[in-house]
Amino acid sequence: MNWKTLSHSSTQKIEGIQNKKLRYFIQHKIPFSPYYNKLFKKNKINFSDIKTVDDLKKIPFTIKKDIAPTKNKPKKHADFILQPTKDTIKKYSSKLDLLKYSLNKNSVFSEFKPIHLHFTTGRTANAVPFLYTSYDLEKLREAGRRMMDIVNVGRGDKLVNAFPYAPHLAFWATFFAAEAIEIFAVHTGGGKILGTDKIIKTIEGTKASLLAFIPGYAYHLLREAKNKKASFSNVKKIFFGGERVPKGLREKIKSMLTSLGSKNPEIFATYAFTEGKIVWAECKENSGYHLYPDMEFIEIIDKNGENVGENEKGEIVYTALDFRGTVVLRYKTGDIGSITNEKCVCGRTIPRLSSEIERSSEIKEFNLTKVKGTLVNLNAFFEILNIKEIEEWQVEIKKKNNDPYELDELVVYIAPKKNIDFIKLKSKLKNLLKEKLEITPEIIKIDLNKLLNKLGMETELKEKRIVDNRTKT
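Just so it is clear, the model here is predicted, and its values are computed rather than measured.

### Section: the sheet that holds strand 4 (residues 184–187)
Here's step 1: The strand order across the open sheet formed by nine strands is 4-3-5-6-7-8-9-14-13, and the pairing between neighbours is mixed. The sheet terminates laterally at strand 4 and strand 13 (339–340), the two strands that pair on one side only.
Here's step 2: On top of the sheet, helix 8 (residues 134–150) reaches strand 5 (210–213), strand 6 (237–240), strand 7 (266–272), strand 8 (279–282) and strand 9 (289–290); it is set at about 5° to strand 8, its chief contact.
Here's step 3: Packing of helix 11 (residues 215–227) onto the sheet brings it into contact with strand 5 and strand 6, and relative to strand 5 it is tilted by some 125°.

### A closer look at the side chain of Thr274
Here's step 1: Counting through the fold element by element, Thr274 comes out in the loop between strand 7 and strand 8.
Here's step 2: Residues within four places of Thr274 in sequence aside, it is in contact with His118, Phe119, Thr120, Phe130 and Leu169.

### Regarding the packing of aromatic side chains
Here's step 1: Tallying each qualifying case throughout the model produces 21 aromatic pairs.
Here's step 2: For the ring pair Phe382 and Trp393, a centre distance of 5.3 Å and an interplane angle of 80° mean the geometry is edge-to-face. Placement of Phe382 in helix 13 (residues 379–385) and of Trp393 in strand 18 (residues 390–399) is noted, with a sequence separation of 11 residues between them. Each member of the pair, Phe382 together with Trp393, is buried.
Here's step 3: Stacked on the ring of Tyr219, the Lys or Arg Lys252 has its end atom at 4.7 Å from the ring centre.
Here's step 4: Lying over the aromatic face of Tyr413, Lys454 brings its terminal NZ or CZ to 4.4 Å of the ring centre.

### Here's the deal with the nonpolar core
Here's step 1: Core analysis: the largest hydrophobic core is formed by 117 residues, its most contacted members being Ile203, Phe213, Phe232, Ile253 and Leu353.
Here's step 2: Top contributing element to this core by residue count: helix 9 (residues 169–181), with eight residues.
Here's step 3: With sequence-adjacent residues up to four places away left out, Leu353 is seen in contact with Tyr271, Gly288, Tyr289, Leu291, Ile298, Ile300, Ile316, Ser338 and Ile339.
Here's step 4: Ranked by size, the runner-up nonpolar core spans 23 residues in total, among them Phe381, Phe382, Trp393 and Ile414.

### Structural notes on the pairing of strand 5
Here's step 1: By the alternation rule, side chains of strand 5 split into Leu210 and Ala212 and Leu211 and Phe213, which are all buried.
Here's step 2: In this structure, strand 3 (residues 158–161) lies alongside strand 5, joined through three bridges in parallel fashion. Looking at strand 5, one finds that Leu159 is bridged to Leu210.
Here's step 3: Crossover handedness for the path strand 5 to helix 11 to strand 6: right-handed.

What counts, and where the lines are drawn
Residues numbered from 1 in each chain as written. Predicted model: local features only at pLDDT ≥ 70, side-chain atom pairs only at ≥ 80, totals over all residues. Heavy atoms only, no water. Pairing = 2+ DSSP bridges. Helix = DSSP H or I, 4+ residues; strand = E, 2+ residues; numbered from the N terminus. Contact = heavy atoms within 4.5 Å. Axes fitted to C-alpha atoms, helices over the stretch in contact; angles between N-to-C directions. Phe/Tyr/Trp six-rings, centres within 6.5 Å; stacked < 30°, edge-to-face > 60°. Buried < 20%, exposed > 50% of the residue type's maximum accessible area, 1.4 Å probe, protein only. Lys NZ or Arg CZ within 6 Å of the ring centre and 35° of its normal. Core = buried A, V, L, I, M, F, W, Y, C linked by side-chain atoms within 4.5 Å. Right-handed = clockwise from strand over helix to strand, strands pointing away.

Here is the structure:
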């Protein structure tokens, strides 16, 4: 089914497509996975037992710990790569696949041979490689084509890709998306590779209409462009990936773009995780991330692992429906969100994930007093500190006196905008933090350039916005 038809199909039609894709995938491809082959046998599950998405409940969840390498098992990730053999191909492949493989001896190689990889960022665990085959790269291109359709990018647009150059999803998804719809694109590699000054000149020189950034770096580049009196009058749209886009930061960036000559700029947030292998986008601000239901199935679960209702919040659980290379089923992302099947303002009827997605790993316990621990949702800092009075900020978590047995401390470093009364700003922030987080961290004023260095704005893959420097015991 083509994308236009699929994206406007009924919920019942989409469910039918997903059930059919799941049956085929579980019965004819998942048996090639060493990990899931063992898991199914251990739990006495037959591949033929999974007939609909409701049957996924029979399969145990996969978590980051199952995949992440350890000292004793540095190659754990390899067990999640589909690895067919002559015997398993003969035993599990469909009749149509067997015919295809017999007619073209290279088709097995092309379908299953890994030729490309991305790494997880490794913020919460060791970096894990996720491998793509030629088959997967075609899926990545198709997902990119769909993403460009969702945000209404045409062949006349020109793209400057300022995502960091690395074996990570944001950069390569943008690369393949541009290739898929055949638009002019400059893939700069970000500030660490080409450098901010040259990227600014590239945007001006190419008269780019579409930019792709990590949000924090985008604001930094736009600020530098304004200082250089650059003209971004052709810029119409910005793709953001890699991080959440708080409302305050979105407004600051729109204001900055307008001051650079852009007329009515649009900002499109995207959502992705390495294990999902593709990127989903919003069609408009806060519309929700449009999914590709023929490529994946998303569940939302509560703390007990039970599915919640539509529009109810819970953990996002991902199941691949049509990938090769590295594949995961019922993968617990650690991200908190909700899902809806309601018709979108754009007219599409495919499922959408909520715009407000939080990482459960960012909700941490701190010992700020000797009485009891305090749960702090670090995501809230992004909303509170991305206000018009602040240029840049960083939160540091550390132990008092660097003593591992002492209390935890939270320090907020602030680079205020020019002519801002820091005493008043400090008081405002303390009140906001107390109201939203029930904490009163130390707030320190710092020079903008020094703070940019602390953030690693042009040296790190992602700026170090929240840094946990607590001494490990």
